[in-house]
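Here is what each chain is made of, one letter per residue.
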Amino acid sequence: MSIQVLRPAPYAPAVSLPAPFPQDALLPASLAPTRAGASLEEITAEIRDLSASGKIRDLLDRHGAIYFQNLGLKSPEEFSEFAHAFGWKPHEDIGNPVRRTVLAKNVATANEGPNTLPVYPHNEFGLSPHYPAYVLFYCVAAPETGGETPINNSVLLYNQLKDRHPEFIEELEKRGGVKYQLFHPNGPRDQTSSAGTTVLQAYGQHVLDADDTETARQKIEAEIRRLPTATWEWLNQSETNPLGDLRVWEVLPAVRNHPRTGQPTFFNNVVSRFLNALKDNTLYPPHLTEDGDFRPPALYGDGTLIPREYLDSAVEFIYENRSLITWTAGDVVLIDNHAVQHAREPWTGHRKLLASLWDEA
């Protein structure tokens, strides 16, 4: 590979991917400037060339993710310029279950949940039919301890699950994939008390303050219909909550083929929903928290429980083969969302990551 401004560089957290991946396949690959003080203009010009020539895509096909070291990015605007250099199409959020704050063009905060709680392994928007092809994370501020971004290969995870539990893969197909619940309480657009989103934050882009309840509901439902696999119901309507809370169900494949390589990949949010259900003690019916909130795990597409042994195996495989991205301020990781899942470890100190999501051009 002929790289002038960026070169391959060793990255200690990288792990070797086992067979059937090539012997030199690391997760992630890593690139760094060839000299200190390389300008943002030089770096983005190099990214444009590498992306246009297909070399970035070749690296992703081989490794699944790329960690860019020593970039020295200083702001959301510089990250935006870097991310735009790849030449992809900005991803539009529809029904985002996670609150994010936009800080620059196609740049927003990553999950704003509390630092004491992990985010469990998932493909970005794996619980939606509308998901990005690429995810970039940028480190504004590195934590004092913890705060790594674990990543694991979804193709490898599929292969391992199929080898140990071929009946699980068969059942996923027979039972129509997997079923997720997404719950959005009614609340203001600017709520920040929860990392989740209200009805208006998720689906209320076109709702006006002057709209009556019926008009608001029609606009929200029109937005939900942009997700062709979604069904929904309104809950808890009252005099003080005339619009009501919103429960959305998605039934989706748990296995999807990578659009470039054709390899089957365990592309979903099944493991994250399983681990959250364990934490909340809602794995089994009636799936209610101590406060009475309904929080089921991901179910088979027909609404039946997925046996725990399959999910325990998935967690085992993920932890055996994951890489822990350890952050330095100014650095960026690029993830092929079809091939790689990501997560987040708890941390101390001031950690801040920004995200930028992209579709194929």
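Look above for the structure.
Residues numbered from 1 in each chain as written. Predicted model: local features only at pLDDT ≥ 70, side-chain atom pairs only at ≥ 80, totals over all residues. Heavy atoms only, no water.

Chemist: Could you give an account of the pairing of strand β13 (residues 178–184), naming the residues involved and the relevant values?
Modeler: The buried count for β13 comes to 5 of 7 residues, which makes it a mostly enclosed element. Note: β13 against strand β15 (residues 245–252), 7 bridges, orientation antiparallel. When the sheet's bridge partners are listed, Leu-182 is paired in β15 with Val-248. Of the strand pairs in this sheet, β13 and strand β18 (residues 299–300) are connected by 2 bridges, and their pairing is antiparallel. From the neighbouring strand, Val-178 faces β18, where its bridge partner is Tyr-300. (Buried < 20%, exposed > 50% of the residue type's maximum accessible area, 1.4 Å probe, protein only. Helix = DSSP H or I, 4+ residues; strand = E, 2+ residues; numbered from the N terminus. Pairing = 2+ DSSP bridges.)

Chemist: How would you sum up the packing of helix α1 (residues 40–52) against helix α3 (residues 76–84)? Please name residues and give values.
Modeler: Where α1 contacts α3, the two axes come as close as 8 Å, and the packing angle between them is 25°. It follows from the interaxial angle that α1 and α3 lie roughly parallel. Where α1 approaches α3, its residues Leu-40, Ile-43, Thr-44 and Ile-47 are matched on the opposing element by Glu-78, Glu-81 and Phe-82. Considered class by class, the residues forming the contact of α1 with α3 number 4 nonpolar, 1 polar and 2 charged. (Axes fitted to C-alpha atoms, helices over the stretch in contact; angles between N-to-C directions. Parallel < 35°, antiparallel > 145°, perpendicular 65-115°, else oblique. Contact = heavy atoms within 4.5 Å. Nonpolar A, V, L, I, M, F, W, Y, C, P; charged D, E, K, R; others polar.)

Chemist: Lay out the sheet that holds β15 with the relevant residues and their values.
Modeler: Pairing is antiparallel in the open sheet, where 4 strands are placed in the order β14-β15-β13-β18. Two strands bound the open sheet, and with one partner strand each, they are β14 (230–235) and β18.

Chemist: I'd love a proper account of the packing of aromatic side chains, names of residues and values included.
Modeler: With the rule as written, the count across this model stands at 12 aromatic pairs. Residues Tyr-11 and Tyr-67 carry aromatic rings whose centres are separated by 4.3 Å and whose planes lie at 15° to one another, so their mutual orientation is stacked. Pair noted here: Tyr-11 is in the loop between β1 (6–8) and β2 (15–16) and Tyr-67 is in strand β5 (residues 65–68), with a separation of 56 residues, a long-range link. Summarising the burial analysis for this pair, Tyr-11 and Tyr-67 share the class buried. Arranged with centres 6.1 Å apart and planes meeting at 70°, the rings of Phe-68 and Phe-86 form a pair that is edge-to-face. Here Phe-68 is found in strand β5, whereas its partner Phe-86 is found in the loop between α3 and β6 (89–90), with 18 residues between them in sequence. For Phe-68, a relative accessible area of 0% gives the class buried. An aromatic cluster is present here, built from Phe-68, Phe-82, Phe-86, Trp-88 and Tyr-134 joined pairwise through their rings. The aromatic ring of Trp-347 is capped on one face by Arg-351, whose charged end is 5.0 Å from the ring centroid. (Phe/Tyr/Trp six-rings, centres within 6.5 Å; stacked < 30°, edge-to-face > 60°. Lys NZ or Arg CZ within 6 Å of the ring centre and 35° of its normal.)

Chemist: Quick rundown of the pairing of β15? Include the residues and the values.
Modeler: For a regular strand, side-chain orientation follows a simple rule: the groups alternate between the two sheet faces. Burial analysis of β15 places 7 of its 8 residues in the buried class, the great majority of the element. Sheet topology note: the β14/β15 ladder contains 6 bridges and is antiparallel. Along β15, the bridge assignment pairs Glu-233 with Arg-247.

Chemist: Tell me about the layout of surface pockets, and please be specific about residues and values.
Modeler: There is about 480 Å³ of room inside the second largest pocket. Looking at the second largest pocket, it is lined by 20 residues, and the ones nearest its centre are Asp-93, Asn-96, Arg-100, Val-102 and Ala-108. Contributing elements (two or more residues each) for the lining of the second largest pocket: β7 (102–104), β8 (107–109), α6 (199–203) and β23 (352–359). Among the elements that line the lining of the second largest pocket, the one with the most residues is β23, at 3 residues. Looking at side-chain class alone, the lining of the second largest pocket contains 8 nonpolar, 8 polar and 4 charged residues. (1 Å grid on protein atoms, 1.4 Å probe; cavity = no way out; pocket = protein on both sides within 12 Å on 5 of 7 lines; lining within 4 Å. Points joined across faces, edges and corners; volume = space filled by probe spheres on them.)

Chemist: How would you summarise empty space enclosed by the protein if you had to cite specific residues and measurements?
Modeler: In the structure shown here, the tally under the stated rule is 2 cavities of 30 Å³ or more. Considering each element in turn, the lining of the largest cavity owes the most residues, 5 residues, to helix α2 (residues 55–63). Its residues placed into classes, the lining of the largest cavity shows 4 nonpolar, 6 polar and 4 charged. The calculated volume of the second largest cavity comes to roughly 50 Å³. In terms of lining, the second largest cavity is formed by Ile-94, Gly-95, Leu-127, Ser-128, Leu-182, Tyr-203, Leu-227, Val-248 and Glu-250.

Chemist: Got a sec to walk through a negative patch on the surface? Specific residues and values, please.
Modeler: Taken together, the side chains of Glu-167, Glu-170, Glu-173 and Glu-309 define an acidic patch exposed on the protein surface. The leading source of residues in the negative patch is helix α5 (residues 166–174), at 3 residues. Residue placement: Glu-309 occurs in helix α9 (residues 308–321). We classify Glu-309 as partly exposed; its relative accessible area is 47%. (Patch = residues over 30% accessible without salt bridge, like charges linked within 9 Å, V, L, I, M, F, W, Y side chains within 5 Å. Areas by Shrake-Rupley, 256 points an atom, 1.4 Å probe, with all protein chains shown as cover. Salt bridge = Lys/Arg side-chain N within 4 Å of Asp/Glu carboxyl O. Lys, Arg positive; Asp, Glu negative; His and termini not counted. Charge placed at Lys NZ, Arg CZ, Asp CG, Glu CD.)

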